[in-house]
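Below, each chain spelled out in residue letters.
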Amino acid sequence: MDENCYLEVDVNGEEVFMVDKRVISSYSGKINKLFSKSNKTHHLKVIFHDFPGGAANFELITRFCYNKGKTANINPSNISNLICAAHFMEMNKFFAGTENLCEQTEKSLQEIKYWTWSEVLVALKQCQNLLPKPISSIILDKLSDSLIGRIASSHETSPCPSFSSPESPGFRLSCETRSSESFKNGVVRTTYWWFEDLVALNTRVIEVLVRSMVSKNFDNAIISKFLCYYQKSRFVTASSGEKSEMIETVVDLFSALDISYVSYKSLFEILRVGLNISLSHICRNKLESMIGSLLDQVTLDNLLVPSPAQKSYLYDVDLVVRFLRSFLRKGVCCVLLSRLKKVASLMDLYLVEIAPDPHLTPSKFLAVIRALPDSARDSFDGIYRAVHSTLSEEQKMAVCFGLNYEKLSTETFNHLIQNTIFPPKSITQALICRQRKLKSLLQDTEQVATTNRPSRSSQIVPKGRKGGGSQQIVLYARKLNLSDENEKLKAHLQGMQWRVSELEKVLAVPHLGGCLCRWFRLRSYSTLSISCWSTGSDPCPYNSPEIHWEMVQANAENLGAHMQMDLPFPYSC
């Protein structure tokens, strides 16, 4: 070799090559530009710090140049490196004037449809080491399209249907422990056979693959299960930095899926793993938001997440409150009532579980109660039990502001008012609420009875109206969830009103020596009032309760069945 043509090339510090400058520069625009304006003719040296594929790939490039633009073998195991190296060295036909290495490698890449599954995987593994070089992204897109097409084709021809829900029996059986080993092997081969092959790819390649799957409307349930499998398989051997990157990538990809196809169990597993590593604030918010949207599927054990190390209380109550806010982020009106009630029942159990914590402040306890609207709970008995169980009197006083006393059952209400250790102010408030509720019922009952009673002018109320009034009473009682005692009281009052009305018709006529005796309406709900006055100038000779009672008894035959009842005593005249 002529000394003036001598070129020393240091490739990434791995190896030094001695090449003919004229041979290399005739195919490489990069080398040609480096030395075309240089006056130096000997001891030329170039150092590459980021040559694609390293020293082994540079050796393939030099062989291509020395073979006058003919490469012996471009195959899936080296095509990614050769494409990137060819673009790095600017080996294209615009410089060489003939088909160069860039054109030859790109032509070979077009034959990817004839590659086997293993060959595509080999090319992908090689490509992942070349990222983030611009040309490598183009290669990756082509390889990922080929890979996804093969997966989709296998699912279309598979006798095992793809499962559409992560909580469906088929999906659970295919991804967790199965009772039938033959079924397990069959499902794995037909549906999830590619999981293990893709575990070897790094998170950047996985992200490209999954996003491409989503854009092609790939089954979100299968993608979700693959991400869980990938995270579990890679997490054990990953470094701390790799773990953080992996979790953030997986969470970001989960958020791109339909949340109904994501298993809440997988999200909680990621959450618990993420507690011990450094995750970005954005990643944690996404994870908590997804869990919150699935809160109606969660169990109590899932919510018992330990509090941060710097906190004194046992469980992370703030985390649960954030879950609740995410669950209601679109507004209460956008959440089905059945889902709302499930979450309310879950929160009642959670309150009972966290109540014994002596370090838990009433404000946090109250935050969990008030995070859901009162309409989410048919009864506040569960919250009362949590409050009554272990909280101190001071804590009970603070937490009682979150109780809806009108939604306490009779049994719980009676227990509350007889509970000597319960705050007196709360007992008073509960009594006031119950009194208001009962008074409202009595007023409505009296109003309905008055409306349905015939007038003195013998006007008849239509049956439809009377039936409507009865229906109103039933609906009102159902709305208030009345106890048996209130139902009995309502029936008793209706009977009294009817009997008084009948007695008025019988007794509102002159009797006994020109004395007109009239039975008035109930002055209260426990006594009847009789009023008498004389039709002449003489005072009423029967103006005493005892004589009136004798009059009533004497006229029992005229009154008939109307007197077959126990009348309260005394009566006022």
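Remember, it's a predicted structure, so these values are computed and weren't measured experimentally. (Residues numbered from 1 in each chain as written. Predicted model: local features only at pLDDT ≥ 70, side-chain atom pairs only at ≥ 80, totals over all residues. Heavy atoms only, no water.)

1. Regarding the environment of Ala85
Its place among the elements puts Ala85 in helix α4 (residues 79-88). According to the relative accessible area criterion, Ala85 is buried, its value standing at 0%. Remark: the alpha-carbon pair of Ala85 and Leu60, spanning 25 residues in sequence, is separated by 9.6 Å. Not counting residues up to four positions away in its chain, the partners in contact with Ala85 are Phe51, Pro52, Asn57 and Ile61. (Helix = DSSP H or I, 4+ residues; strand = E, 2+ residues; numbered from the N terminus. Buried < 20%, exposed > 50% of the residue type's maximum accessible area, 1.4 Å probe, protein only. Contact = heavy atoms within 4.5 Å.)

2. Considering the sheet that holds strand β1 (residues 6-11)
With mixed pairing, three strands are arranged side by side in an open sheet as β2-β1-β3. Looking at strand neighbours, the two that pair on one side only are β2 (15-20) and β3 (44-48), the edges of this open sheet. Adjacent strand axes in the sheet meet at a mean angle of 25 degrees when their direction is disregarded. As judged from the five bridges shared by β1 and β3, these two strands associate in the parallel manner. In the sheet register, Leu7 faces β3, and the bridge partner there is Leu44. Strands β1 and β3 of the sheet are contacted by helix α2 (residues 29-36), whose axis makes an angle of about 135 degrees with β3. Packing of helix α3 (residues 54-66) onto the sheet brings it into contact with β1, β2 and β3, and relative to β2 it is tilted by some 10 degrees. (Pairing = 2+ DSSP bridges. Axes fitted to C-alpha atoms, helices over the stretch in contact; angles between N-to-C directions.)

3. Remarks on the pairing of β1
One ladder, built from six bridges, connects β1 with β2; its direction is antiparallel. Across the sheet, residue Tyr6 finds its bridge partner in β2, namely Asp20. Here β1 folds back onto β2, and the loop between the two strands holds three residues, one of which, Asn12, carries a positive phi near 55 degrees.

4. Things to note about the pattern of salt bridges
One pass over the full model with this rule turns up 14 salt bridges. Across the salt bridge formed by Glu99 and Lys107, the nearest N and O atoms sit 3.1 Å from each other. Residue class for Glu99 comes out partly exposed when judged on its relative accessible area of 38%. Salt bridges linked by common partners bring Glu207, Arg211, Asp252 and Lys286 together as one network. (Salt bridge = Lys/Arg side-chain N within 4 Å of Asp/Glu carboxyl O.)

5. Observations concerning helix α12 (residues 203-215)
Its 13 residues place the ends of α12 18 Å apart at the C-alpha level, agreeing with the 18 Å of an ideal helix rising 1.5 Å per residue. The complete set of buried residues in α12 reads Thr203, Val205, Ile206, Leu209, Val210, Ser212 and Met213. Of the residues trailing α12, Asn217 is marked for its positive phi of about 60 degrees. (Expected span 1.5 Å × (residues − 1).)

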